[in-house]
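Structural overview
For reference, the chains in residue letters:
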Amino acid sequence: MKRGGYLNRRTPLAISGHSETSEVKKEIQAVAREIVIIRDGGCILRNIHYRDFPECGGYRNDGELILQADHLVTRANNATFADTRLIVCVCKAHHAWKSLGSNARKKEYDELVRTLLPSDRVALWDACERDSWKPNRGAAFNWTVTLAALKQELREIQRDSSHAA
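With that settled, consider the state of the cysteines. Per the counting criterion, the structure on display carries zero disulfides. Looking at the unpaired Cys43, the closest cysteine sulfur is the one in Cys56, lying at 3.8 Å. The thiol sulfur of Cys89 is not disulfide-bonded, and the nearest other cysteine sulfur, from Cys43, lies at 6.5 Å. Cys89 sits in the buried class, given a relative accessible area of 0%.

Here we come to the nonpolar core. Ranked by size, the top nonpolar core spans 25 residues in total, and within it Leu45, Val88, Val90, Tyr109, Val113, Leu117 and Trp125 carry the most contacts. A total of five residues in this core trace back to one element, the largest contributor, which is strand S2 (residues 87–91). Setting aside anything within four residues of it in sequence, one finds Tyr109 in contact with Leu45, Asp70, Val88, Val90, His94, Trp97 and Lys98. Judged by nonpolar contacts, the second largest core, of eleven residues, contains Val24, Phe81, Ala82 and Leu147.

A separate point is the packing of aromatic side chains. Under the criterion given, the structure shown has two aromatic pairs. Look at Phe53 and Trp97: their rings are 4.8 Å apart centre to centre, the planes differ by 80 degrees, and that puts the pair in the edge-to-face class. In this pair, Phe53 is assigned in the loop between helix H1 (20–40) and strand S1 (67–71) and Trp97 in helix H2 (residues 92–103), connecting sequence segments 44 residues apart. For the residue pair Phe53 and Trp97, the accessibility class agrees, reading buried in each case. For the ring pair Phe81 and Trp143, a centre distance of 5.3 Å and an interplane angle of 70 degrees mean the geometry is edge-to-face. In this pair, Phe81 is assigned in the loop between S1 and S2 and Trp143 in helix H5 (residues 143–164), connecting sequence segments 62 residues apart.

Under the 1.5 Å per step criterion, the end-to-end length of helix H4 (residues 119–131) is 18 Å for 13 residues, consistent within 8% with the ideal 18 Å. Buried within H4 are the following residues: Arg121, Val122, Trp125 and Cys128. Burial along H4 is one-sided: seen end-on, the buried residues are contained in an arc of 125 degrees. Summarising the geometry of H4, the exposed residues directed more than 90 degrees from the buried face are Ser119, Asp120 and Arg130. Turning to H4, the residues buried within the fold contact H1, S2 and helix H3 (106–116).

Now for the side chain of Asp70. Its location among the elements puts Asp70 in strand S1. A distance of 3.0 Å separates a polar atom in the side chain of Asp70 from a polar atom in the side chain of His95. Among the polar contacts listed, one links the side chain of Asp70 to the side chain of Lys98, at a separation of 2.9 Å. Ignoring sequence-local partners within four residues, the contact set of Asp70 consists of Leu86, Ile87, Val88, Val90, His95, Lys98 and Tyr109.

This paragraph deals with the packing of H1 against H5. Where H1 contacts H5, the two axes come as close as 9 Å, and the packing angle between them is 20 degrees. When the axis of H1 is compared with that of H5, the two are roughly parallel. Crossing hand, H1 versus H5: left-handed. Here Thr21, Val24, Lys25, Glu27, Ile28, Val31, Glu34, Ile35, Ile38 and Arg39 of H1 lie close against H5, whose contacting residues are Trp143, Thr144, Thr146, Leu147, Leu150, Lys151, Glu153, Leu154, Ile157, Gln158 and Ser161.

Conventions adopted
- Residues numbered from 1 in each chain as written.
- Predicted model: local features only at pLDDT ≥ 70, side-chain atom pairs only at ≥ 80, totals over all residues.
- Heavy atoms only, no water.
- Disulfide = S-S within 2.5 Å.
- Buried < 20%, exposed > 50% of the residue type's maximum accessible area, 1.4 Å probe, protein only.
- Core = buried A, V, L, I, M, F, W, Y, C linked by side-chain atoms within 4.5 Å.
- Helix = DSSP H or I, 4+ residues; strand = E, 2+ residues; numbered from the N terminus.
- Contact = heavy atoms within 4.5 Å.
- Phe/Tyr/Trp six-rings, centres within 6.5 Å; stacked < 30°, edge-to-face > 60°.
- Expected span 1.5 Å × (residues − 1).
- Arc of directions from axis to C-beta.
- Polar contact = N/O pair within 3.5 Å; in protein donor to acceptor, adjacent residues only side chain to side chain.
- Axes fitted to C-alpha atoms, helices over the stretch in contact; angles between N-to-C directions.
- Parallel < 35°, antiparallel > 145°, perpendicular 65-115°, else oblique.
- Left-handed = near helix turned anticlockwise from the far one by under 90°.

Have a look at this one:
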């Protein structure tokens, strides 16, 4: 009897879950993206002119630049998942440049980003990277509360940016 392997799946792999937690985490990502777009004023790497580093790119059909939220510490780390201090706004082209070939350029990318962030955010990033390997088995995350806090942060940054304009 011939067994089916991973290449012979009868059903496609699920792209994402549909649990309540999964849905809340998707909304967290959307709100965090809005926050970093406003805070960073667009791609933080837009003024970098460096060796083979690309210009900003990746446009929608209507001509608008696609902006993405890049997590400086992996999203798998629940402790930093929604911390906007550890997320930056980058265009699709710069995000792809870093990610190409299983994050082959991550070290170079991280070095560039470090030069653009305030020292307190770099210190936080370093501390989180240092501690990210530590198991956090007992931690329970209330994603709904986290989402509410992010929505409050978004309202404040929107208010502040409208007063600055």
